[in-house]
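The residues making up each chain are set out below.
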Amino acid sequence: LEDIGHEVWSDVNLPDHDWWERVLDGIRSCDLFLFGLPPHWFASDACICEFDYATTLGKNRLPIRLAEMPVDEIPSQVQRLQVVHYDGNTMASFKALQRAINRQPPPVPLPEILPEPPRTPVGELDRYDQQLRQMRLERDAQAAMVFELKRALRRRDQAVEARELLSNLRKHP
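Being a predicted model, the structure only gives us computed values, none of them experimental. (Residues numbered from 1 in each chain as written. Predicted model: local features only at pLDDT ≥ 70, side-chain atom pairs only at ≥ 80, totals over all residues. Heavy atoms only, no water.)

Peer 1: Break down helix H4 (residues 91-102) for me, citing the residues and quoting the values.
Peer 2: Compared with an ideal rise of 1.5 Å per residue, which puts 12 residues at 16 Å, H4 spans 16 Å between its outermost C-alpha atoms and is within 8% of the ideal. If you check which residues of H4 are buried, you get Ser93, Phe94, Leu97, Ala100 and Ile101. Take H4 and look down its axis: the buried residues cluster within an arc of 125°, on one side only. The exposed set on the far side of H4, more than 90 degrees from its buried face, consists of Met91, Ala92 and Asn102. Those residues of H4 that are buried are in contact with strand S1 (32-36), strand S2 (60-65) and strand S3 (84-85). (Helix = DSSP H or I, 4+ residues; strand = E, 2+ residues; numbered from the N terminus. Expected span 1.5 Å × (residues − 1). Buried < 20%, exposed > 50% of the residue type's maximum accessible area, 1.4 Å probe, protein only. Arc of directions from axis to C-beta. Contact = heavy atoms within 4.5 Å.)

Peer 1: Help me get a handle on a negative patch on the surface, residues and values and all.
Peer 2: Among the surface-exposed residues, Glu2, Asp3, Glu7 and Asp31 lie close enough to one another that they form a single negatively charged patch. By the element assignment, Asp3 lies in the segment before helix H1 (19-29). (Patch = residues over 30% accessible without salt bridge, like charges linked within 9 Å, V, L, I, M, F, W, Y side chains within 5 Å. Areas by Shrake-Rupley, 256 points an atom, 1.4 Å probe, with all protein chains shown as cover. Salt bridge = Lys/Arg side-chain N within 4 Å of Asp/Glu carboxyl O. Lys, Arg positive; Asp, Glu negative; His and termini not counted. Charge placed at Lys NZ, Arg CZ, Asp CG, Glu CD.)

Peer 1: Could you give an account of the packing of aromatic side chains, naming the residues involved and the relevant values?
Peer 2: Tallying each qualifying case throughout the model produces 3 aromatic pairs. Ring centres of Trp19 and Trp20 lie 5.3 Å apart, and the angle between their planes is 65°; this geometry places the pair in the edge-to-face category. For the pair formed by Trp19 and Trp20, the shared burial category is buried. The rings of Phe33, Phe35 and Phe51 are connected pair by pair, giving a single aromatic cluster. (Phe/Tyr/Trp six-rings, centres within 6.5 Å; stacked < 30°, edge-to-face > 60°.)

Peer 1: Any details on the side chain of Ser93? Residues and values, ideally.
Peer 2: Tracing the backbone through its elements, the reader meets Ser93 in helix H4. Residue classification places Ser93 among the buried positions, given a relative accessible area of 7%. Residues contacting Ser93, with those up to four places away along its chain left out, are His85, Tyr86, Asp87 and Gly88.

Peer 1: Requested: an account of the pairing of S1, with residues and values cited.
Peer 2: Burial of S1 is one-sided: the residues Phe33 and Phe35 facing one way are buried, the residues Leu32, Leu34 and Gly36 facing the other way are not. Inspection of the sheet shows S1 paired to S2 by 5 bridges, in the parallel sense. The residue of S2 that forms the bridge with Phe33 is Arg61. (Pairing = 2+ DSSP bridges.)

Peer 1: Which residues make up the sheet that holds S1, and what values go with them?
Peer 2: Reading across the sheet, the 3 strands line up as S1-S2-S3 and stay open at both edges, with parallel pairing between neighbours. Either end of the sheet is taken by a strand with one partner, and the two such strands are S1 and S3.

Peer 1: Give me the layout of surface pockets: which residues, what numbers.
Peer 2: Considered as a void within the structure, the largest pocket measures approximately 1,800 Å³ in volume. Counting residues per element, the ones that place at least two in the lining of the largest pocket are H1, S1, helix H2 (45-56), S2, H4 and helix H5 (126-132). Its residues assigned to classes, the lining of the largest pocket comprises 28 nonpolar, 14 polar and 7 charged. (1 Å grid on protein atoms, 1.4 Å probe; cavity = no way out; pocket = protein on both sides within 12 Å on 5 of 7 lines; lining within 4 Å. Points joined across faces, edges and corners; volume = space filled by probe spheres on them. Nonpolar A, V, L, I, M, F, W, Y, C, P; charged D, E, K, R; others polar.)

Peer 1: Provide a residue-level description of the pattern of salt bridges, including the pertinent values.
Peer 2: Throughout the structure, instances matching the rule amount to 4 salt bridges. Between Arg28 and Glu21 there is a salt bridge, with the nearest N and O atoms lying 2.6 Å from each other. Residue Arg28 is classed as buried on the basis of its relative accessible area of 14%. Assessed through its relative accessible area of 38%, Glu21 is described here as partly exposed. For the salt bridge of Arg151 with Glu148, the shortest nitrogen-to-oxygen distance reads 2.6 Å. Highlighted residues: Arg151 and Glu148, both in helix H6 (residues 139-153), separated by 3 residues, approximately one helical turn. Note on Arg151: relative accessible area 43%, which makes it partly exposed. Of the residues examined, Glu148 reaches a relative accessible area of 23% and is grouped as partly exposed. Look at the salt bridges and you will find they share partners, linking Glu21, Asp25 and Arg28 into a network.

This is how it looks when you write it as structure tokens:
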């Protein structure tokens with residue numbers, strides 16, 4: 001998208017501190033809230049909060065279906081929008097995405113009084129789950145994650161989740 005003249009902002013690789021405020025700033029400043037619909041999107045409180053906030057702000061929203069999924073698994077508030085299938089492998093897929101972007105109405109200005117921002121949607125260990133969904137995870141981030149997850153293993157309320165996250169980290173490319 002950048003190669004054809006679009007400025008792209010993504011919440012990938014944000015620093016751990018103030019990450020949620022940076023996400024909300026990104027939503028407030030965008031002209032088009034373009035979001036992927038991988039199968040795990042619906043299980044992510046952060047993704048749902050981002051979508052709801054963009055909706056509340058009156059942002060143009062364009063969902064991109066990144067994997068095959070039954071239409072009835074897509075939430076009704078997303079089904080009402082034009083959903084574009086993008087496989088990342090064909091020029092036809094890219095052109096369909098480009099046409100959908102070009103057909104978006106002009107952006108509306110932010111409301112004079114901004115709505116209350118959504119609360120940070122993740123628990124203490126959920127941010128590591130979000131990081132593990134990224135294809136690239138820097139070595140320093142991995143080391144910090146191992147340190148924190150080992151500490152969480154000692155807490156009864158976090159041990160099971162920490163063990164699962166460590167297992168997922170071991171499988172991460």
